[in-house]
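# Inside the fold
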Amino acid sequence: MILFLVIFVVWCGSVSIIVTFLLVMGGVAFFTLLERKFLGYFQLRLGPNKVGYKGVPQPIADAMKLFLKEFLLPDGSNKFAFVAGPALMLILCVGVWALYPVYFSSIYFLWGFLLFICISSAGVYGVIAVGWSSNSKYSYLGCVRAVAQFISYEVVMVMIVLVTMISVESFDMISFCTSGCWGVFVYAPMFFMWLVSLLAETNRAPFDFVEGQSELVSGFNVEYGGVGFALIFIAEYSMILFMSMLTGVIYFGGMSMGVLMSTVVVLLVSSFVVLCRGGLPRFRYDLLMMLTWKYLLPVVLVFLGVSVVIMK
């Protein structure tokens, strides 16, 4: 009987992980279609409209094209790291979705936010492996930029999460949903700083310096094509959707609003990310670093100190 229960729990966990993976893949695929349609309207063009009905199956065609292309290894590259880097990025960015706070999930993390901080901090190692192993100056410079940018904004993002966790007095994501605390009103300045950190952490315009096309061609992934590029692409876009979901959990009550409203919040935040790409020019890199170390971090530390004093 005990063995049967163990097998059943493991099976439920495996099914939950597989279903989550498939849903994330579908969400990433059609989020790219949404982004391309939005950018088309911003620039007075149609966007994808040739494959199927108004271009709706376009993500499927793109996936088939990328996964059927030959996987090439550059001369002089570290082959193991070159292959393992995109896989590590995908595993970390898709695996973090196991933290998704739903009441019927078969996996429950009491220290969910702490695990999120650990996984998001480890994500930079995949970028390092991808950029360093390619044996390309462009990819290596993009890798160096990525390390500096991700670590800098990781500090601010963790401090923002700590402020909200102190108010809820829990590391559990479901506690944020059940508390009914709409942090967007309580911590309005923190919400705007969170959006800035979200753009920098997910490498999105106007902070997309890791993939600066004007000076680095395609940045750290310049030597990748086919399957490798697809894995990096999926990892980046799945992280955008996860951060949009996390924004809803921290600042809008998450699943306490219901499935429909929480989905609307995710769509609004992800649409904001696309809107920034279509409407904002790229920053200078020194201004990006100055923004986090000289402005965002001191303000967040003040909020953190005030929160500790109030809750003491």
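Residues numbered from 1 in each chain as written. Predicted model: local features only at pLDDT ≥ 70, side-chain atom pairs only at ≥ 80, totals over all residues. Heavy atoms only, no water.

### A short note on the environment of Ile 117
Selection criterion: Elements are defined by DSSP. Helices are runs of H or I of four residues or more, strands are runs of E of two residues or more, and each kind is numbered from the N terminus. Whether two residues are in contact is decided by their heavy atoms, any of which lying within 4.5 Å being enough.
Tracing the backbone through its elements, the reader meets Ile 117 in helix 4 (residues 112-133). Setting aside residues no more than four positions away along its own chain, Ile 117 makes contact with Glu 154 and Val 158.

### Some thoughts on the nonpolar core
Here is the rule we go by: In this text, buried Ala, Val, Leu, Ile, Met, Phe, Trp, Tyr and Cys residues form a nonpolar core when linked through side-chain atoms within 4.5 Å. Each residue is placed in one exposure class: buried if its accessible area under a 1.4 Å probe, protein chains only, is under 20% of its type's maximum, exposed if it is over 50%, and partly exposed if it falls in between.
Grouped together as the largest cluster of nonpolar side chains are 79 residues, with contacts concentrated most on Phe 113, Phe 116, Trp 194 and Tyr 251. Residue contributions to this core peak at 16 residues, all from helix 10 (residues 227-252).

### Observations concerning helix 10
Heads up, the condition is: Take the number of residues in a helix, subtract one, and multiply by 1.5 Å to get its expected span.
A rise of 1.5 Å per residue sets the reference length of helix 10, with its 26 residues, at 38 Å; its end C-alpha atoms lie 37 Å apart and thus fit the reference within 8%. With respect to burial, helix 10 is a largely interior element, 23 of its 26 residues being buried.

### With respect to the UniProt feature "transmembrane region" (unreviewed entry) in the protein chain
Under the convention used in this document: UniProt positions are given in the numbering used here, feature names are shortened, and annotations may be inferred rather than shown by experiment.
Those residues carrying the UniProt feature "transmembrane region" (unreviewed entry) are residues 7-34, 80-100, 107-130, 150-168, 180-200, 227-252, 259-280 and 292-311 in this numbering. From the first C-alpha to the last, residues 259-280 spans 31 Å; its make-up is 95% helix and 0% strand. Between the C-alpha atoms that bound residues 292-311 there is a distance of 26 Å. The span itself is 100% helix and 0% strand.

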